[in-house]
Amino acid sequence: MSQLRIAAVGDVHLGEDLRGRYRSRLSGIEEKADVLLLAGDLTRHGTLEEGEVVAEEFRDLPVPVVAVLGNHDHHSDKPAEIATMLKDAGISVLHDDAVVLDVKGVRLGVVGGKGFGGGFAGKCASEFGEPEIKAFVNHTKRIADRWRVALKELQADRRVVLSHYSPVNDTLAGEPLEIYPFLGSYLLAEAVDSEGADLILHGHAHMGTEKGMTPGGIRVRNVALPVLGRAYGVYCLGEDGEDPDHC
C-alpha cells in the first residue's frame, strides 16, 4: 500500500488583512503532501467576509482539501453559509460525517467535525443538575455517537479523524488547567478508540503540545498553527505501526 502524506493545520484565523498571504505559504504543497486537512478556526469571528477569504486562500490547490469548522467559525452564527462557501471552492467540509478520497490508489477515509468540550476522565462535566449543564454534556455525547457511527460505516484503507476540539489532554499541555474542559473531551477519544483509526488531528489549543495518544493507542496530533510554527505539518501513513512523524 502506498504511503500517504497528510498535511494538516488549524487555527489559521484568516481575515481580509491576510488575503493572499497564506496562499503563498502553500506553494509546492503537492511536492510534500497528498492531501490537506484543515482543523477549524479558519476565521477570526466567523463572518461571511472572512469565510470568503478562507475559500479563496484554499481554492484550487493541487491536492484535495478537507476541513472542519471551529468555535470561531460559529461566532457570527453563519457556519452553514461558511461551509457552503468552502464547498463551492471545492473543499470538503465535515459535519460529524465522513468523506473517502482516492489518493494514489488508496482509499483515504476522513471522519470528523468540530467536536466539543466537557473535559477528561476524572475531571469532566457530567449529566447532572441544571438543564444547561446536561445540554453541554449531551451535545458532546451526540457528536461522539455520530463519529462512532461514521467510523463504523466507513469503507476505507486508511482512516483519519479530523476535529477542532481535542480528544485527549496530552496535547493540551501548556494550556491553563482551568480551561481544559473547554478545549476537548475524552468522549471523542472513546468514540474513535471503539472503532479504530490511524491518526487523529485537531487544533484549538494554541498553547498546547503537538503529540499525544488516546488510551487505545491511536496517535493524536495538535496541528494548531501556533503550535506547529509552520504553514502545515505533514504526517505519513504507511505500514501499520509506522511513526506518522517520519515520512
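Each remark here, short or long, concerns the structure printed above.
Residues numbered from 1 in each chain as written. Predicted model: local features only at pLDDT ≥ 70, side-chain atom pairs only at ≥ 80, totals over all residues. Heavy atoms only, no water.

1. Overview of the environment of Ala 197
Our working rule: Only DSSP runs of H or I with at least four residues qualify as helices, and only runs of E with at least two residues qualify as strands; both kinds are numbered from the N terminus onward. Should any heavy atoms of two residues lie within 4.5 Å, those residues are counted as being in contact.
Positionally, Ala 197 belongs in the loop between α5 (186-195) and β10 (199-202). Residues Ala 197 and Val 9 lie 188 residues apart in sequence; the distance between their C-alpha atoms is 19 Å. In this structure Ala 197 touches Arg 159, Val 161, Val 192 and Ile 218, once residues within four positions along its chain are discounted.

2. Section: the layout of surface pockets
Heads up, the condition is: For each structure, a 1 Å grid was placed over the protein atoms alone; sets of points admitting a 1.4 Å probe that cannot get out are labelled cavities, open sets with protein on both sides within 12 Å along at least five of seven lines are labelled pockets, and lining residues have an atom within 4 Å of a point. Grid points are joined across faces, edges and corners, and a volume is the space filled by probe spheres set on the points.
Taken as a whole, the largest pocket encloses approximately 250 Å³ of empty space. Secondary-structure elements contributing two or more residues to the lining of the largest pocket are α3 (79-88) and α4 (131-153). Broken down by element, the residue count for the lining of the largest pocket peaks at four residues, all from α3.

3. Some details on the nonpolar core
This is how it is decided: For our purposes a nonpolar core is just a set of buried Ala, Val, Leu, Ile, Met, Phe, Trp, Tyr and Cys residues, chained together by side-chain atoms within 4.5 Å. Exposure is judged per residue with a 1.4 Å probe applied to protein chains only, and the accessible area is read against the type maximum: over 50% gives exposed, under 20% gives buried, and values in between give partly exposed.
With 53 residues, the main nonpolar core has Tyr 22, Leu 36, Leu 37, Phe 58, Leu 86 and Leu 201 as its most contacted residues. When near neighbours in sequence (up to four residues on either side) are disregarded, Leu 36 contacts Ala 7, Ala 8, Ile 29, Phe 58, Leu 61, Val 63, Pro 64, Val 65 and Val 66. Judged by nonpolar contacts, the second largest core, of 21 residues, contains Leu 151, Tyr 165, Val 168 and Val 192.

4. Describing the packing of α4 against α5
To keep things clear, this is the line we draw: Axis definition: a line fitted to C-alpha atoms, over the contacting stretch in the case of helices. Angles run 0 to 180 degrees between N-to-C directions. Every angle not falling under 35 degrees, over 145, or within 65 to 115 is termed oblique; those three ranges are roughly parallel, roughly antiparallel and roughly perpendicular. Throughout, a crossing is termed right-handed when the near helix is turned clockwise from the far one, and left-handed when it is turned anticlockwise from it by less than a right angle. Each residue is assigned to one of three groups, with Ala, Val, Leu, Ile, Met, Phe, Trp, Tyr, Cys and Pro labelled nonpolar, Asp, Glu, Lys and Arg labelled charged, and all others, Gly among them, labelled polar.
Close contact between α4 and α5 brings their axes to 9 Å; oriented N to C, the two are set at 15°. Taken together, the axes of α4 and α5 are roughly parallel relative to one another. Once α4 is placed against α5, the crossing between them reads as right-handed. Residues Thr 140, Lys 141, Ile 143, Ala 144, Trp 147, Arg 148, Leu 151 and Lys 152 of α4 form the contact with α5, whose own contacting residues are Leu 187, Leu 188, Glu 190, Ala 191, Val 192, Ser 194 and Glu 195. When grouped by side-chain class, the residues that make up the contact of α4 with α5 number eight nonpolar, two polar and five charged.

5. Observations concerning the sheet that holds strand β12 (residues 219-222)
Note the cut-off: Any two strands with at least two DSSP-identified bridges between them are counted as paired.
Ordered by their spatial adjacency, six strands build an open sheet running β5-β6-β9-β10-β12-β11, and the pairing between neighbours is mixed. The open sheet has two edge strands with one neighbour each: β5 (97-103) and β11 (211-213). The average angle at which neighbouring strand axes cross in this sheet is 25°, direction not considered. Relative to β12, β11 runs antiparallel, the two sharing three bridges. The residue bridging Lys 211 from the neighbouring strand is Arg 221, located in β12.

6. Some points on the side chain of His 204
Position of His 204 relative to the elements: it lies in the loop between β10 and β11. Take His 204: its relative accessible area is 12%, and that puts it in the buried class. Those residues in contact with His 204, other than ones at most four positions away along the chain, are Asp 11, Asp 41, Asn 71, His 164, Tyr 165, Phe 182, Leu 183 and Ala 224.

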